[in-house]
Each structure stands twice: as C-alpha cells, then as structure tokens.
Amino acid sequence: MPEQNLSKPDLIHIIGDVITKIDVARGSLPKESPERKELDSWRLRLDAKQQVLTDAAFDEGTAAYQSVSINIDGIAKGIKNTIEDVNKTQQTFEDLARLASAVDELLASAAKAV
C-alpha cells in the first residue's frame, strides 16, 4: 500500500507504465500471434482510457477515489510482474481486464461528481 495518496497524474503515469510494458512485450512476439493481437487490443483500450482519465475531474480526497486508485496501482504492479513471463500470459490478460475495469470504475465516479 502506498505511503501517500495517489493523484490523478500518478494514475496517468501508472497506466502509461503499463502501456510501455505492453509495447515491450508486443515487440517480442510475432505480429500474427494471437497473444500479440490481444496485447495490441489491450494497448489501444488502455491508451483510450488514459486519455479520458487525463480530461476527467476528480475529488482526490475521497475514500472512494483513494480505494480505486490503490487498486489500480496494485493491479498495475501485478501486470509488471507477469507480462514478460510467457507462462503467465493468461494471468496478464486477466489482470489487464481488471485494470481496465478499475479505470472504468474511477471514470464512472468522476462522471457522477460532475
């Protein structure tokens, strides 16, 4: 658990780090492999979510915001530990789905705050 609260810029950076990890993993796979195609898809989805997050407005002091942001950070750390291991591809895809869902939850809370 982080010692300090995570700000919106922190989350944008965390998602950017995951996108970079995806790019590195994609580069080691044949272009036509199913795993590469799935990583390509996740990369595009996370990039789009990151862009929406950049424009969203949040009350970063709420417990709900902090809970979701800590969840996003934890999931991202898990992805960084599994994405380069070909034996953990399925776990990586599951974690990417969890990350996308957590970002959607955060964005939904921002929409309610407006």
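What you see is a predicted model, and the numbers here were worked out from it, not measured in a lab. (Residues numbered from 1 in each chain as written. Predicted model: local features only at pLDDT ≥ 70, side-chain atom pairs only at ≥ 80, totals over all residues. Heavy atoms only, no water.)

(A) The overall build of the chain, seen in detail. Regarding its fold elements, the chain presents four helices and zero strands. In the chain, the succession of helices and strands from N to C terminus is α-α-α-α. For a compact globule of 114 residues, the expected C-alpha radius of gyration is about 13 Å, and the chain comes in at 14 Å, within 12% of that figure. Projecting the C-alpha coordinates of the chain onto the three principal axes gives extents of approximately 45 × 25 × 20 Å. Here the chain holds 114 residues, and 39% of them are scored as buried. (Helix = DSSP H or I, 4+ residues; strand = E, 2+ residues; numbered from the N terminus. Rg over C-alpha atoms; globule rule 2.2 N^0.38 Å. Buried < 20%, exposed > 50% of the residue type's maximum accessible area, 1.4 Å probe, protein only.)

(B) Seen up close, the pattern of salt bridges. Here the structure, examined in full by the defined rule, presents 10 salt bridges. With a shortest N-O distance of 3.2 Å, Glu32 and Lys37 are connected by a salt bridge. By relative accessible area, Glu32 is classed as exposed at 59%. One salt bridge connects Asp73 with Lys77, and the closest N-O pair in it is separated by 3.2 Å. Note that Asp73 and Lys77 are positioned in helix α3 (residues 63–82) at a spacing of four residues, about one turn of the helix. (Salt bridge = Lys/Arg side-chain N within 4 Å of Asp/Glu carboxyl O.)

(C) Layout of the packing of aromatic side chains. According to the stated counting rule, one finds one aromatic pair in the structure shown. Note on Phe58 and Tyr65: the rings are 5.5 Å apart at their centroids and 55 degrees apart in plane angle, and the pair reads as tilted. The exposure classification of Phe58 matches that of Tyr65, with both residues buried. Cation over ring: Arg45 sits above Trp42, and NZ or CZ is 3.8 Å from the ring centre. (Phe/Tyr/Trp six-rings, centres within 6.5 Å; stacked < 30°, edge-to-face > 60°. Lys NZ or Arg CZ within 6 Å of the ring centre and 35° of its normal.)

(D) Inspection of α3 at higher detail. With 20 residues, α3 should reach 28 Å at 1.5 Å per residue; the first-to-last C-alpha distance of 29 Å fits that figure. Where α3 is concerned, the buried positions are Tyr65, Gln66, Val68, Ser69, Ile72, Asp73, Ile75, Ala76, Ile79 and Thr82. (Expected span 1.5 Å × (residues − 1).)

(E) Main features of the side chain of Gln66. Mapping Gln66 onto the fold places it in helix α3. Reaching out from Gln66, the side chain makes a polar contact with the backbone nitrogen of Leu6 at a distance of 3.3 Å. Excluding residues within four positions of it along the chain, Gln66 makes contact with Asn5, Leu6 and Glu60. (Polar contact = N/O pair within 3.5 Å; in protein donor to acceptor, adjacent residues only side chain to side chain. Contact = heavy atoms within 4.5 Å.)

(F) Structural detail: the packing of helix α1 (residues 8–27) against helix α2 (residues 34–55). One way to put it is that α1 packs onto α2 with a least axis distance of 10 Å and a crossing angle of 165 degrees. Here α2 runs roughly antiparallel to α1, going by the angle between their axes. The handedness of the crossing between α1 and α2 comes out as left-handed. Two secondary-structure elements touch here, α1 through Lys8, Leu11, Ile12, Ile15, Gly16, Val18, Ile19, Ile22, Asp23, Ala25 and Arg26 and α2 through Arg36, Leu39, Asp40, Trp42, Arg43, Leu46, Asp47, Gln50, Leu53, Thr54 and Asp55. Here the contact of α1 with α2 is built from residues that sort into 11 nonpolar, three polar and eight charged. (Axes fitted to C-alpha atoms, helices over the stretch in contact; angles between N-to-C directions. Parallel < 35°, antiparallel > 145°, perpendicular 65-115°, else oblique. Left-handed = near helix turned anticlockwise from the far one by under 90°. Nonpolar A, V, L, I, M, F, W, Y, C, P; charged D, E, K, R; others polar.)

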